[in-house]
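A structural walkthrough
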Amino acid sequence: MSSESGQQDVESKPKSARSTSAGHEYEDVLQIIGFGRVQWIVLFAAGLLLMMVINETMGMSYITIVSQCDFEMNSMDKAVMSAASFIGIFCSSYFWGYLSDTIGRRPVLIYTTIAGNFLSLCSTVIPNYWLYVFIRFGVGFFIAGASSTTYAYLGEFFTPRHRPIAINYASLFVGVSTVYVPATAWLILSMDWSVSITDGFSLRPWRLLTICYLLPGVVGTLMLWSLPESPKILMSLHKTEEAFAAVDWIAVTNSGKHLHEFKVHKLKTEDNANGENILLISKSAFTTIKKMWKETLPLLRRPHLLNFVISCTIMCGLFFSSSGMGLWYPEIQNRLGSNAADDSMTVCQVIDASIDQMQANASNKICDDHINTKSYIDTITYGSALIVGYILMGLVINTIGRKASISIGLTLAGACAIALIFIKDEVAIVVCFCLYLVLPGLCVSILSGAVVDLVPTHLRGKAVCICLMLGRTGSVFGSNIIGVLLESYCSLTFGVFSGFVLVCASLTLLLPI
């Protein structure tokens, strides 16, 4: 974590303009204390929460396949089930972002994760399709707190110099999750057992899979109990004594010394904060909503408006490609692995052939929920590529910068999507698919870190949550577009996905990151 960085926090001031008479700047104190044990704990806790979010959302890509016979689903039903969690995240992200800026990051992270994990556990015994979809919507509604507040909480324990790298390495757990999901599915779904509960409902291995997917959230929440609230948000809420105590705890845990031993006796407070907690003092829902809108309005005005809108548009494109297509990646690879033709075929030719096979199965009343081994291996390959990508990104991001990282990555991803229309070689197909999913996925954490630095502390939670909330709509649209178009207009589908990421690559050049 010693790489140099040109990135600056929007609230950072030149050292010549700082004075210790009003107290030390929080980032200066972190620099004095140094990187240590606390940062590692925060990093791992944040990583596990992000891993839980990916498990709960992307894990549905396997559950939709193996549950299709139990719920009697077609392609559109699968798309709806896959999108349910993302819709839940969309509906609540703004509220959790506002709440994290109003009462703090830590309680939002802890209680939303607990609620999301509880509902996920409940979903394992749901026999009805629409009730199951509703419960998965509820899971998404609550894990939205961890989905976006994690970045703000994590970033505020690091100096602006280390923040991009820290967020990148926490996002490394997204890659770990992308390996964990298929590896766990491979292990559990290879079992062949069924426990009959009623005449129309049986417990099968895929329901156990859901429990495995929520475990990282349980561990991450337990780690959060041992951590303090973000001192940065405490200062923003004018809780200066609590903020000082939190920073002192960081100093003692990292170095064994109290702040006064570093000659730090006071922290400089936020100038643009509002300590009034409208959620606690207001009995009117209208007053609360009005206050939420008023406090969010600065994001829609200069100097934040243009950068914020561009960031949200790019984030939508990143999720549209990485998550929208990613949800269908095991399904597509499962069809490719089930192809019995001797001649090499393009992805679209294989999909066309699989449609004929499914129609034949339907006429014979055969329901096939088997997952080909190749699908597991290819998805693990994709996850491994994502891990390597995050490691490499952490090494080069401060050298080439955020802007170049995102624009170059998305341009390559767009080229790979176009190539998938024409190539027939199996290895080349896997490589292009992996690059198309990995590169936009890497850019999500980079852009989230950029948004943290583009806005002041009291707007960060809302800004990141809204940005990721709109990004999740890209997942919903992407997943459903594939569900509608893939089997009828396969080449057009890949063309649309390619065009969207190329537009986002161009927009990145307009951001001051």
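Quantities reported herein were computed from a predicted structural model and do not represent experimental measurements. (Residues numbered from 1 in each chain as written. Predicted model: local features only at pLDDT ≥ 70, side-chain atom pairs only at ≥ 80, totals over all residues. Heavy atoms only, no water.)

**Digging into the overall build of the chain**
Selection criterion: Secondary structure counts use DSSP, requiring at least four H or I residues in a row for a helix and at least two E residues in a row for a strand, with both numbered from the N terminus. Buried means the residue's accessible area, taken with a 1.4 Å probe over protein chains only, is under 20% of the maximum for its type, while exposed means over 50%, and partly exposed covers the values in between. Note on definitions: a residue-residue contact is assigned when non-hydrogen atoms from the two residues lie within 4.5 Å. Per-residue and other accessible areas were derived by the Shrake-Rupley procedure at a 1.4 Å probe size, with only the shown protein chains allowed to occlude residues.
Assigned secondary structure in the chain consists of 21 helices and two strands. Each of the 513 residues in the chain was classed as buried or not, and the buried ones make up 59%. A separation of at least 24 residues holds for 83% of the contacts in the chain among residues at least 6 apart in sequence. Carbon and sulfur atoms make up 64% of the accessible area of the chain, which totals about 20,400 Å².

**So, the nonpolar core**
Selection rule: Nine residue types can take part in a nonpolar core, namely buried Ala, Val, Leu, Ile, Met, Phe, Trp, Tyr and Cys, and a core is a set of them joined through side-chain atoms within 4.5 Å. For each domain, the first and last residues come from an automatic or database assignment.
Core analysis: the largest hydrophobic core is formed by 124 residues, its most contacted members being Met325, Phe433, Tyr436 and Phe494. Of the residues forming this core, the biggest block, 18 residues, is contributed by helix α19 (residues 426–454). When residues are assigned to domains, this core turns out to be shared by domain 1 (24–281) and domain 2 (294–512), each giving three or more. If you look at the next biggest cluster of nonpolar residues, it comprises 24 residues, including Ile63, Ala84, Leu189 and Tyr213.

**Let's talk about unusual backbone geometry**
Residues other than glycine seldom take positive phi values, yet Glu72 does so here, at roughly 55°. Mapped onto the secondary structure, Glu72 falls in the loop between α4 (68–71) and α5 (75–102). Under the relative-accessibility criterion, Glu72 is labelled exposed at 71%. The phi dihedral of His238 falls on the positive side, at around 65°, and the residue is not glycine. Along the chain, the position of His238 falls in the loop between α11 (231–236) and α12 (240–255).

**Things to note about the packing of aromatic side chains**
Rule in force here: Working definition: rings of Phe, Tyr and Trp (its six-membered ring) pair if their centres are within 6.5 Å, and the pair is stacked with planes under 30 degrees apart, edge-to-face with planes over 60 apart, and tilted otherwise.
Summed over the entire model, instances satisfying the criterion amount to 21 aromatic pairs. Between Trp40 and Phe44 the ring centres are 6.4 Å apart and the planes differ by 35°, which places this aromatic pair in the tilted class. Placement of the pair is Trp40 and Phe44 together in helix α2 (residues 37–58), with a separation of four residues, close to one helical turn. By relative accessible area, Trp40 is classed as partly exposed at 43%. Residue Phe44 is classed as partly exposed on the basis of its relative accessible area, which comes to 40%. Put simply, the rings of Phe95, Trp96, Phe134, Phe137, Phe141 and Phe142 touch in pairs and so form one group of aromatic residues.

**As for helix α10 (residues 205–225)**
To keep it simple, the criterion reads: One fewer than the residue count of a helix, multiplied by 1.5 Å, yields its expected span. Here the bend at a residue means the angle between the axes of two seven-residue stretches, the one that ends at it and the one that starts at it.
Here α10 contains 21 residues, and its C-alpha end-to-end distance of 32 Å stays within 8% of the 30 Å for a straight helix at 1.5 Å per residue. Along α10, the helix axis deviates most sharply at Leu214, where the bend reaches about 30°; the proline Pro216 sits within four residues downstream.

**Describing the environment of Ile143**
Tracing the sequence through the fold places Ile143 in helix α7 (residues 129–155). C-alpha of Ile143 to C-alpha of Asn117: the two residues are 26 residues apart in sequence and 8.1 Å apart in space.

**A closer look at the environment of Ile481**
Residue placement: Ile481 occurs in helix α20 (residues 457–485). As a C-alpha pair, Ile481 and Phe320 span 161 residues in sequence and 9.8 Å in three-dimensional space. Those residues in contact with Ile481 that lie beyond four places of it in its chain are Phe320, Leu486 and Phe497.

**Description of helix α6 (residues 105–122)**
Compared with the 26 Å implied by 1.5 Å per residue over 18 residues, the 26 Å span of α6 between its first and last C-alpha is a close match. For α6, every residue scored as buried is listed here: Arg105, Arg106, Val108, Leu109, Ile110, Thr112, Thr113, Gly116, Asn117, Leu119 and Ser120.

**Overview of the state of the cysteines**
Definition in use: Disulfides are defined in this document as cysteine sulfur pairs within 2.5 Å.
Enumeration over the complete set of coordinates arrives at one disulfide. A sulfur-sulfur separation of 2.0 Å characterises the disulfide bridge that pairs Cys348 with Cys490. The S-S bond linking Cys348 to Cys490 shows a torsion near -80°; that makes this disulfide left-handed. In this pair, Cys348 sits in helix α17 (residues 347–363) while Cys490 sits in helix α21 (residues 490–508), placing the two residues 142 residues apart along the sequence. Take Cys348 and Cys490: they sit in the same class, and that class is buried. Summary of cysteine pairing: Cys416 is not part of a disulfide, and the nearest cysteine sulfur, belonging to Cys432, is at 4.5 Å.

**Some words on the environment of Thr381**
Looking at the element boundaries, Thr381 is found in helix α18 (residues 373–419). Relative accessible area serves as the criterion here: at 36%, Thr381 is assigned to the partly exposed category. As a C-alpha pair, Thr381 and Val431 span 50 residues in sequence and 9.2 Å in three-dimensional space.

**Concerning the pattern of salt bridges**
Let me state the cut-off plainly: The rule for a salt bridge is simple: a side-chain nitrogen of Lys or Arg has to be within 4 Å of a carboxyl oxygen of Asp or Glu.
Under the criterion given, the structure shown has four salt bridges. Ionic pairing is found between Lys232 and Glu27, a salt bridge with its closest N-O pair at 2.9 Å. Separated by 205 residues along the polypeptide, Lys232 in helix α11 and Glu27 in helix α1 (residues 26–33) bring together distant segments of the chain. With relative accessibility at 4%, the residue Lys232 sits in the buried group.

**Topic: the confidence of the model for the chain**
Condition: Confidence of the predictor at the level of single residues is captured by pLDDT, which takes values from 0 to 100.
Averaged over every residue, the pLDDT of the chain is 81; the share at 70 or more is 87%. When pLDDT is averaged over each helix and strand of the chain, the minimum, 45, is found for helix α13 (residues 278–281) and the maximum, 93, for α6. The low-confidence segment residues 1–8, where pLDDT is below 50, has 22 contacts with residues more than four positions distant or belonging to other chains. Contacts from residues 273–283, a stretch scored under 50 in pLDDT, to residues over four places away or in other chains number 22 contacts.

**Section: the side chain of Ser177**
On the secondary structure map, Ser177 appears in helix α9 (residues 172–189). The exposure class of Ser177 is buried, given its relative accessible area of 0%. Contact partners of Ser177, with chain neighbours within four places excluded, come to Met51, Ile54, Asn55 and Pro182.

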